[in-house]
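The primary structure of each chain is shown beneath.
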Amino acid sequence: MSEKKCVLVSGGAGYIGSHVTVELLSAGYEVVVADNFSNCDRTNYEGVCAITGQRPPLEEIDCCDAKAVEGLFSRHKIDAAIHFAAFKAVGESVEEPLLYYRNNLTSFINILQAFANRGGGNVLFSSSATVYGEPDETPVTEQSPRKPATSPYGNTKQICEDILRDTVSACAGLRGIALRYFNPIGAHPSALIGELPRGIPNNLVPFITQTAAGVREVLSIFGNDYPTPDGTCLRDYIDVVDLARAHTCAVTRMFEGRMREDYEIFNVGTGRPLSVLELVRAFEKVNGLKLNYRFAPRRAGDVTAVWADPSLANRELGWKATRSVEETLSSAWAWEKHIRGI
Ligand code: UDP
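The present account deals with the structure reproduced in this document. Being a predicted model, the structure only gives us computed values, none of them experimental.

All right, on to the overall build of the chain then. Looking only at helices and strands, one finds 11 helices and 13 strands in the chain. Against the 2.2 N^0.38 benchmark of 20 Å for 342 residues, the chain shows a C-alpha radius of gyration of 19 Å, consistent with a compact globule. Taken along its principal axes, the extent of the C-alpha atoms in the chain is 55 × 45 × 40 Å. Looking at the chain residue by residue over its 342 residues, the buried ones come to 56%. Partitioning the intrachain contacts of the chain with sequence separation of at least 6 by distance along the chain shows that 79% fall at a separation of at least 24.

Spelled out as structure tokens, the structure:
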């Protein structure tokens, strides 16, 4: 029997990283989790262990520390890395650009360097639909133009995509895939792992669930005068478990030598646009709740509408989003109740 492939998940104790770790372990891969717990606690790591019945090695390192990353690569035979270890608060990135550029670029460079030192490897980068900015046409395909980033956070996504492309082209044994996520929401059906925002949530669904739990008094819907059917913004909300499965498919594609190019990009979305108001109503309906919300002014930097054309990922990765928005919003509420002890 061939040896199990080993995947490094940097930021593996975070929201998406923990769901990806579960899917990789379930698919039979070995996983090494690296996390410095700068933006999460151990809840999700313990949740991963409870769900899978396995305790993947946990490396408590800061991926900005090149020596520490090199040490990790010398302790484990890493066949692929999925890189989540990055800051993600758009507003904070505007206040602290150097923090974002230093953290998000350095950690990624260190991981690429460790592979380059070994003559290659497989790298999956967590990119974002933010690279499309306000698109001229929707849905967006991978060929849709990238727009100038409106925040340092968004810029780090574009720069890291370019770093990956350039490094892959310079290093013969290196392959890279950038997955452009749309709006990941929800939690694992077990309610043992999920999103744990620190402080006031920036994202819509954690704000909704915290409002439903009574932690926040009222949800502000930012803008109801957009040129959309109900005046609120349109997004492509993708279940985090569906999103996680896309990573397993992408890693397997790399391992099986099925890539068409050494650097590939895939949209990871449902292809289904939903407005903020539709999402709020769906949450109320599936969970039998009334949400306290009000309309508020537009939030600076928000785009009107963006959703994916996921057909490339559907075809090439053999992956498709399968969970309904109802299932996803009920999992988000189950997770909020779990962590609040409701
Ligand atoms: N949004 C909102 N109230 C909130 C948070 C978000 O109305 O408290 C809206 C936001 O304006 C956007 C959508 O929800 O139209 C998704 O925002 P989120 O921050 O979750 O993701 P983004 O698409 O900005 O990355």
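Read on for the rest.
Bringing helix H7 (residues 204-212) into the picture now. Burial analysis of H7 places 8 of its 9 residues in the buried class, which makes it a mostly covered element. Restricting attention to buried positions, one finds in H7 the residues Leu204, Val205, Pro206, Phe207, Ile208, Thr209, Gln210 and Thr211. A positive backbone phi angle near 85 degrees is found at Gly214, which sits one or two residues after H7.

Surrounding the ligand, one finds 15 residues, the nearest of these being Ser220, Phe222, Arg235, Arg299 and Asp302. For the ligand, a nitrogen atom lies 2.7 Å from a polar atom in the backbone of Ser220. One of the side-chain N or O atoms of Asp302 is found 2.6 Å from an oxygen atom in the ligand. Summarising the interface, the protein chains cover 86% of the accessible area of the ligand, which totals 520 Å² for the free molecule. Secondary structure elements with two or more residues in the shell around the ligand: H7 and strand E8 (219-222). When residues in the shell around the ligand are grouped by element, the largest group, 4 residues, is from E8. Of the residues contributing to the shell around the ligand, the split by class is 8 nonpolar, 4 polar and 3 charged.

Turning next to the pairing of strand E1 (residues 6-10). The element E1 is extensively covered by neighbouring structure, given that 5 of its 5 residues are classed as buried. Where burial is concerned, the two faces of E1 agree: the one with Cys6, Leu8 and Ser10 and the one with Val7 and Val9 are both buried. Of the strand pairs in this sheet, E1 and strand E2 (residues 30-34) are connected by 5 bridges, and their pairing is parallel. Counterpart to Ser10 in the pairing with E2 is Ala34.

The subject of this paragraph is the pattern of salt bridges. According to the stated counting rule, one finds 22 salt bridges in the structure shown. In this structure, Arg42 and Glu60 form a salt bridge, with 2.7 Å as the shortest nitrogen-oxygen distance. A residue pair is termed long-range when its members are at least 10 positions apart, and Arg42 in the loop between E2 and helix H2 (43-52) and Glu60 in the loop between strand E3 (58-59) and helix H3 (66-75) qualify at 18 residues. Note on Arg42: relative accessible area 38%, which makes it partly exposed. The salt bridge involving Asp166 is made with Arg165; its shortest N-O contact spans 3.0 Å. Ionic contacts of the salt-bridge type, sharing partners, join the residues Arg146, Glu161, Asp162, Arg165, Asp166 and Arg180 into one network.

The next thing to look at is unusual backbone geometry. The omega angle of the peptide bond from Thr138 to Pro139 is -5 degrees, so this bond is cis rather than trans. Mapped onto the elements of the fold, Pro139 is located in the loop between strand E5 (121-128) and helix H6 (152-170). A positive phi angle, close to 55 degrees, is found at Phe37, a residue other than glycine. Tracing the sequence through the fold places Phe37 in the loop between E2 and H2. Positive phi is not limited to glycine here, since Ala191 has a value of about 60 degrees. Tracing the backbone shows Ala191 in the loop between strand E7 (183-185) and H7. Of the residues examined, Ala191 reaches a relative accessible area of 10% and is grouped as buried.

With 19 residues, H6 should reach 27 Å at 1.5 Å per residue; the first-to-last C-alpha distance of 26 Å fits that figure. Within the span of H6, buried status applies to Pro152, Tyr153, Gly154, Thr156, Lys157, Gln158, Cys160, Glu161, Ile163, Leu164 and Val168. Buried residues in H6 make contact with helix H4 (90-95), helix H5 (97-117), E5, strand E6 (174-181) and strand E11 (263-268).

What follows deals with empty space enclosed by the protein. All told, the structure shown has 3 cavities of 30 Å³ or more when counted by the stated rule. As a volume, the largest cavity reaches approximately 90 Å³. If you list the elements that add at least two residues to the lining of the largest cavity, you get H7 and helix H11 (325-340). Of the residues assigned to the lining of the largest cavity, the class counts are 8 nonpolar, 2 polar and 2 charged. Roughly 40 Å³ of volume is contained in the second largest cavity. A total of 3 residues in the lining of the second largest cavity trace back to one element, the largest contributor, which is H6. Its residues assigned to classes, the lining of the second largest cavity comprises 3 nonpolar, 3 polar and 1 charged.

How each quantity is defined
- Positions within a chain are numbered from 1, following the residues in the order the chain's sequence is written.
- For a predicted model such as this one, the threshold for reporting local features is a pLDDT of at least 70, and the threshold for listing and counting side-chain atom pairs is 80 or more; totals across whole chains, interfaces and linings nevertheless cover every residue.
- Computation of side-chain values: all heavy atoms of the structure, hydrogens and water removed.
- Secondary structure elements are taken from DSSP: a helix is a run of H or I of four residues or more, a strand is a run of E of two residues or more, and numbering for both begins at the N terminus.
- Radius of gyration means the value over C-alpha atoms here, while the globule rule gives 2.2 Å times the residue count to the 0.38 power.
- Summary of the burial criterion: residues with accessible area below 20% of their type's maximum are buried, those above 50% are exposed, and those between are partly exposed, where the area comes from a 1.4 Å probe applied to protein chains only.
- Any pair of residues with heavy atoms lying within 4.5 Å of one another is described as a contacting pair.
- To be near a molecule or strand, a residue needs just one of its heavy atoms within 4 Å of it.
- Here a polar contact is recorded for every N or O atom pair within 3.5 Å, except that within protein the pair must consist of a potential hydrogen donor and a potential acceptor, and residues adjacent in sequence are included only if both atoms are side-chain atoms.
- Here the accessible surface of atoms and residues is derived via Shrake-Rupley with a 1.4 Å probe, and residues count as covered only by protein chains that are part of the display.
- Charged means Asp, Glu, Lys or Arg here, nonpolar means Ala, Val, Leu, Ile, Met, Phe, Trp, Tyr, Cys or Pro, and polar covers whatever is left, Gly included.
- A pair of strands is labelled paired if DSSP reports no fewer than 2 bridges between them.
- Any carboxyl oxygen of Asp or Glu that lies within 4 Å of a side-chain nitrogen of Lys or Arg is treated as forming a salt bridge with it.
- For a helix, the expected span equals 1.5 Å multiplied by the residue count minus one.
- Only protein atoms enter the 1 Å grid, on which a cavity is a set of points fitting a 1.4 Å probe that cannot get out and a pocket is an open set with protein on both sides within 12 Å along at least 5 of 7 lines, lining residues being those with an atom within 4 Å of a point.
- Grid points are joined across faces, edges and corners, and a volume is the space filled by probe spheres set on the points.

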